[in-house]
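An overview of the molecular structure
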Amino acid sequence: MATAGKVIKCRAAVAWEPSKPLVMEEIEVAPPQAHEIRIKIVATGVCHTDLYHLFEGKHKDGFPCVLGHEGAGIVESVGSEVTKFNPGDKVIPLFISQCGECRFCKSPKTNLCEKGWASDRYDVMSESDTRFTCKGKNVLQFMGTSTFSEYTVVNEIAVAKIHPSAPLDKVCLLGCGVATGYGAALNTAKVEPGSTCAVFGLGAVGLAAVMGCKNAGAKRIIAIDINPTKYEKAKVFGATEFVNPKDHNKPISQVLSEMTNGGVDFSLECVGSVAVMRSALESCVKGWGVSVLVGWTDMDDFAARPIQLIAGRTWKGSLFGGFKSKDGVPKLVNEYLEKKVKLDEFVTHNMTLAQVNDAIQLMKTGDCIRSVLSVALQ
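Right, let's walk through the structure included here. Small disclaimer: the values here were computed from a predicted structure and weren't measured.

Across its twelve residues, helix H4 (residues 204-215) extends 16 Å between first and last C-alpha, which sits within 8% of the 16 Å expected from 1.5 Å per residue. Along H4, ten of the twelve residues are buried, which leaves the element largely enclosed by surrounding structure. For H4, every residue scored as buried is listed here: Ala204, Val205, Gly206, Leu207, Ala208, Ala209, Val210, Met211, Gly212 and Cys213. Those residues of H4 hidden inside the fold are in contact with helix H3 (177-189), strand S11 (196-200), strand S12 (220-224), helix H5 (230-237), strand S14 (266-269) and strand S18 (370-374). Immediately beyond the C-terminal end of H4, within one or two residues, lies Gly217, with a positive phi of roughly 95°.

Written out as structure tokens, the structure is:
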């Protein structure tokens, strides 16, 4: 590519400070260094974790930054010592790395990795080192990715090469939301055939969890949300029943217990609310019920009565659906191409990068499942 080795000037949506609209700016993107890849971002989803950093986490050291972590694009150039990627490859940048060498990567028990932004700066949600500048200032790369930019630079341990025929405006969703919910059901909860499941929260992550429960063979999948319009969408992914907590004057855990002879076998919390996390746990049947925390938050402590666990329930957490990122994402892309995993059905709005603030507002009000932004021309 003619731009290889040169600074690229491009458009990006910059979050200069918390709780303020993003600003379309021209930024400078430096060439990739050793073991880095510069990617032209073609499409990106807008995920609640972007909103979490902007409106809830608001860590003062996490700005200015370019948000976005659910993207897909094409390799523009590679830095030295990169041998497994070439310009033109279709790729998905990953917010969770897989170096393949640390004790976590070598263990089949986890998908964590000791390298990458999350190792010691998870509260700031970015590394201090960045390849972005704007108006003479360094701009941080959110979760090591920053897909609200026409170009970004990512360490090769956080990039997945995908099938060349994959449509980037669909498979971008596997960079976070869909993989997170789907894997939480399959890999973390390990939903069993014939079981009864409850999914709390029917955004993209929750609907992907419903799909995971369905593909795992669950018999009953109870979808729970305070927005009744979400049920028709949940049915598309396999939900068999819908419960709106607002329709009941008793705790939702009691409602589910009465519906299921004592509680569900598996519950998945896909909201990011500690109150809902407790409700999800208490909705599980004693003896063997498994509840999984999927929604992202680090703002509050969560609590439960010890007897809930002493009586045999298990409380687990799931990050990126338990998928080892570089291994798992290409397989998920192939499953989508083989029509084993749905993606198109998650996309309710197609917009441009310049409309990012409109997409954020749609997510804040719950009026979308996923908005996908077209970023750079393919």
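Quick look at the sheet that holds strand S16 (residues 314-317) now. The parallel open sheet is built from six strands, whose spatial order is S13-S12-S11-S14-S15-S16. Taken across any chain shown, the strands that pair with only one partner, and hence form the sheet edges, are strand S13 (241-243) and S16. Across the sheet, the axes of successive neighbouring strands diverge by a mean angle of 20°, strand direction being ignored. As paired elements, S11 and S12 share five bridges and run parallel to each other. Across the sheet, residue Phe200 finds its bridge partner in S12, namely Ile224. Sheet strands touched by H3: S14, strand S15 (290-293) and S16. Its angle to S15, the strand with the most contacts, is close to 135°.

In this model, Phe63 is joined to Pro64 through a cis peptide bond whose omega is -5°. Tracing the chain through its elements places Pro64 in the loop between helix H1 (48-57) and strand S4 (65-66). Even without being a glycine, Lys190 presents a positive backbone phi close to 55°. Positionally, Lys190 belongs in the loop between H3 and S11. A positive phi is found at Phe320, a non-glycine position, where the angle reads about 50°. Along the chain, the position of Phe320 falls in the loop between S16 and helix H9 (325-337). Phe320 gets classed as buried once you look at its relative accessible area, which sits at 2%.

Here we take up the packing of H3 against H4. Two elements in contact, H3 and H4, have axes whose closest approach is 7 Å; the angle formed by their N-to-C orientations is 40°. The angle between the axes of H3 and H4 places the two elements in the oblique class. With respect to the hand of their crossing, H3 and H4 are arranged in right-handed fashion. When H3 is examined against H4, the residues Gly177, Val178, Thr180, Gly181, Tyr182, Ala185 and Leu186 are found in contact with a partner set consisting of Val205, Ala208, Ala209, Met211, Gly212, Cys213 and Asn215.

This brings us to the environment of Ile27. Secondary-structure assignment places Ile27 in strand S2 (residues 23-29). Separated by 109 residues in the primary sequence, Ile27 and Gly136 place their C-alpha atoms 9.4 Å from one another. Apart from residues lying up to four places away in sequence, Ile27 is in contact with Ile8, Lys9, Cys10, Ala12, Val14, Phe132, Thr133, Cys134 and Ser149.

Here we come to the packing of H1 against helix H10 (residues 356-365). Between H1 and H10, the least distance of the axes is 10 Å, while the angle of their chain directions is 95°. One way to sum up the angle between H1 and H10 is to call them roughly perpendicular. Residues His48, Leu51, Leu54 and Phe55 of H1 form the contact with H10, whose own contacting residues are Ile360, Met363 and Lys364. Of the residues assigned to the contact of H1 with H10, the class counts are five nonpolar, one polar and one charged.

A full pass over the atoms with the stated rule returns four aromatic pairs. A centroid spacing of 4.4 Å and a plane angle of 35° characterise the contact between Phe237 and Phe346, whose relative ring orientation is tilted. With Phe237 in helix H5 and Phe346 in the loop between H9 and strand S17 (347-352), the pair connects residues that are 109 residues apart, well separated along the chain. When sorted by exposure, Phe237 lands in the same class as Phe346, which is buried. Here the basic side chain of Lys161 rests over the ring of Phe85, its NZ or CZ set 5.7 Å away from the ring centre. Its end group placed over the ring of Phe55, Lys364 keeps NZ or CZ at 4.2 Å from the ring centre.

Cut-offs and rules
- Residues numbered from 1 in each chain as written.
- Predicted model: local features only at pLDDT ≥ 70, side-chain atom pairs only at ≥ 80, totals over all residues.
- Heavy atoms only, no water.
- Helix = DSSP H or I, 4+ residues; strand = E, 2+ residues; numbered from the N terminus.
- Expected span 1.5 Å × (residues − 1).
- Buried < 20%, exposed > 50% of the residue type's maximum accessible area, 1.4 Å probe, protein only.
- Contact = heavy atoms within 4.5 Å.
- Pairing = 2+ DSSP bridges.
- Axes fitted to C-alpha atoms, helices over the stretch in contact; angles between N-to-C directions.
- Parallel < 35°, antiparallel > 145°, perpendicular 65-115°, else oblique.
- Left-handed = near helix turned anticlockwise from the far one by under 90°.
- Nonpolar A, V, L, I, M, F, W, Y, C, P; charged D, E, K, R; others polar.
- Phe/Tyr/Trp six-rings, centres within 6.5 Å; stacked < 30°, edge-to-face > 60°.
- Lys NZ or Arg CZ within 6 Å of the ring centre and 35° of its normal.

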